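Architecture at a glance
The chain contents come next:
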Amino acid sequence: MLPKGANLQKIREGKRTYAITPHLPGGFIKPEVMQKYVDVSKKYGGIMKLTSAQRIMITGLRAEDIEAIWEDLGMQPALGFANCVRSVKICPGNAFCKRGKQDSIKLGLELDKRYIKKEMPSRIKLGVSACPNSCAESYVKDVGVIGTDAGWDIYVGGSAGAHPRLADKLIEGLNYDDTLRIIEIVMRYYQKHADIERIGQFIDRIGWEKFKTDILAEFYGEKSAAVEPKVSQTEAGEKIVPLPGGLTEGSLVFGDAITADSVISDIIRVYPQTVPVFRSFGMGCLGCPSSAGEPVTQAAEIHGLNLTELLAALNKVVPANK
């Protein structure tokens, strides 16, 4: 449904325009690469846009030009799962900033290398700030790292968007190696136990003390005596209770048919088997803040899809409607 490595940006008078966003680790770009961006944008009538994730988007593109654009750039298409590590935002650090207390560039680029585009239960964003000024917005990242004179402080569960949440401090004063190790533990724990939810929503569901106890227990090599995380409501077959400000805000429960008014996030939590269906229609951003309150009819309109066809495909994989 979508050109390879492109995102649908706008539908105006039946005309679709697309954008590509090549990956730029840490936002660093060589002059000769920047020149390629400029040349390609001019050639194909695109507009260059700096993004909040320290990348350069080229938008206003036609579908039939996308493949040639990637070839002209000399890059592989920037592909990834919709629910994955979307970005690692990095401040200038002590290499370039007089206030930097730690080397955010070294740590951030290593995190980018390890996790970027890695599939997760929902979209994930990381931030690495070399001082408490948090220029990489680490306090509102799913995993945020902030440098101090004593080392790195680790924060988890932050997010901006429609339902902002400040991150909780997990541990402080870590060295470089221990910082990488505890982030690995957090990621692994989240992948194993979370539903289709951001880390902050996962923490709110199982409880901060449970989350913190289990992570630190593994970090320090101790066995946790805490109760196992709650089983996914979907797996347990329980009624999904709408949570104001949370991922699920609609009224859909297991056994219901999906209708035009069903909320996207509600659908994927109650019927996770619909995720491949959404993706097949080019609707990849299933973990984005908009999905928390967006009904199928609105999402179909935004993406230029036939509502009847989409609903039929979704209900085809719903057990009660096979």
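Residues numbered from 1 in each chain as written. Predicted model: local features only at pLDDT ≥ 70, side-chain atom pairs only at ≥ 80, totals over all residues. Heavy atoms only, no water.

**A look at the confidence of the model for the protein**
Condition: You can read pLDDT as the predictor saying how much it trusts each residue, on a scale of 0 to 100. The helix and strand labels rest on DSSP assignments: H or I over at least four residues marks a helix, E over at least two residues marks a strand, and numbering proceeds from the N terminus. By the convention used here, residues are in contact when the closest approach between their heavy atoms is within 4.5 Å.
Across the protein, the average pLDDT comes to 86, with 85% of residues at 70 or higher. Confidence, read as mean pLDDT per element, is least for helix α8 (residues 233-236) in the protein (45) and greatest for strand β8 (residues 151-156) (98). Here residues 223-227 scores under 50 on pLDDT; set against residues more than four positions off or in separate chains, the count is eight contacts.

**Regarding the side chain of Ser262**
For the record, the criterion: Nitrogen and oxygen atoms within 3.5 Å of one another constitute a polar contact, given that in protein one can donate a hydrogen and the other can accept it, and given that sequence-neighbouring residues count only through two side-chain atoms.
Along the polypeptide, Ser262 turns up in the loop between α8 and α9 (264-270). At a separation of 3.0 Å, a polar atom in the side chain of Ser262 contacts the main-chain amide nitrogen of Thr259. Once you skip the residues sitting within four places of it in the chain, Ser262 turns out to touch Leu252, Ala257, Ile267, Glu294, Pro295 and Val296.

**Side note on the nonpolar core**
As a reminder of what qualifies: We define a nonpolar core as any set of buried Ala, Val, Leu, Ile, Met, Phe, Trp, Tyr and Cys residues linked to one another through side-chain atoms lying within 4.5 Å. Relative accessibility under 20% of the residue-type maximum defines a buried residue, over 50% an exposed one, and the middle range a partly exposed one, all with a 1.4 Å probe and only protein chains included.
Formed by 37 residues in total, the largest nonpolar core has its most connected members in Leu111, Ile182, Met187 and Phe211. A per-element tally of this core places helix α5 (residues 176-193) first, with eight residues. The contact partners of Met187, leaving out residues within four places of it in the chain, are Val85, Tyr115, Met120, Ile124, Leu126 and Val143. Counting residues in hydrophobic clusters, the runner-up holds 21 residues, among them Ile196, Ile267, Val296 and Leu305.

**Points about the side chain of Thr148**
Looking at the element boundaries, Thr148 is found in strand β7 (residues 143-148). Contact partners of Thr148, with chain neighbours within four places excluded, come to Lys101, Gln102 and Asp153.

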